[in-house]
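# Structure assessment
Letter by letter, the chains look like this.
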Amino acid sequence: MIRLTGGEFNGRPLETPPHDRTRPTQARLRQALFNSLQLSIPDARVLDLFSGSGALAFEALSRGAAFAVAIEKDANTARIIERNAKTLKVVERVEIR
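This text gives an overview of the structure that appears in the document. This one's a predicted model, so the numbers in the text were calculated from it and none came from an experiment.

This paragraph deals with the side chain of Arg30. Turning to its location among the elements, Arg30 is positioned in helix 1 (residues 27–37). At 2.8 Å, the side chain of Arg30 forms a polar contact with the side chain of Glu59.

Shown next, in the form of structure tokens:
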């Protein structure tokens, strides 16, 4: 389990895949990435490739992005993204492929 690092969902936990084939982006890296992009995030549409838990997509939504597309090859892992979207109540703002 990891936690979001900023914005509307700051500190909220995300479910992560139970296997070791997927490693979530570290909180420190996500924080640095979004701090450098902060002026571009509001109302943006974002793409999270190789999504895993969807942490990057949800971090962007938390910081004001309008919509996110999360792409994940593994069907079981994609279901985790769906559960995370439901938990955060952003189902209408994320498309999972």
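Additional details are given in the paragraphs that follow.
Attention now goes to the nonpolar core. Leu14, Phe58, Leu61, Leu88 and Val90 are the most contacted members of the largest nonpolar core, which has 21 residues in total. Within the residue set of this core, elements represented by two or more residues are helix 2 (55–62), strand 4 (67–71) and helix 3 (75–88). With five residues, helix 2 is the single largest residue contributor to this core. Residues within four places of Leu88 in sequence aside, it is in contact with Leu4, Phe9, Arg12, Leu14 and Phe58.

By the element assignment, Leu29 lies in helix 1. Residue class for Leu29 comes out exposed when judged on its relative accessible area of 53%. The spatial distance from the C-alpha of Leu29 to the C-alpha of Glu15 is 18 Å, given a sequence separation of 14 residues.

The next thing to look at is the packing of helix 1 against helix 2. Contact geometry of helix 1 with helix 2 gives a least axis separation of 11 Å together with a crossing angle of 45 degrees. As judged from the angle between their axes, helix 1 and helix 2 are oblique. Judged by the twist between their axes, the crossing of helix 1 over helix 2 is right-handed. Packed against helix 1, whose contacting residues are Arg30, Leu33 and Phe34, the element helix 2 presents Ala55, Leu56, Glu59 and Ala60 at the interface. Looking at the contact of helix 1 with helix 2 residue by residue, the classes come out as five nonpolar, no polar and two charged.

Calculation rules
- Residues numbered from 1 in each chain as written.
- Predicted model: local features only at pLDDT ≥ 70, side-chain atom pairs only at ≥ 80, totals over all residues.
- Heavy atoms only, no water.
- Helix = DSSP H or I, 4+ residues; strand = E, 2+ residues; numbered from the N terminus.
- Polar contact = N/O pair within 3.5 Å; in protein donor to acceptor, adjacent residues only side chain to side chain.
- Core = buried A, V, L, I, M, F, W, Y, C linked by side-chain atoms within 4.5 Å.
- Buried < 20%, exposed > 50% of the residue type's maximum accessible area, 1.4 Å probe, protein only.
- Contact = heavy atoms within 4.5 Å.
- Axes fitted to C-alpha atoms, helices over the stretch in contact; angles between N-to-C directions.
- Parallel < 35°, antiparallel > 145°, perpendicular 65-115°, else oblique.
- Left-handed = near helix turned anticlockwise from the far one by under 90°.
- Nonpolar A, V, L, I, M, F, W, Y, C, P; charged D, E, K, R; others polar.

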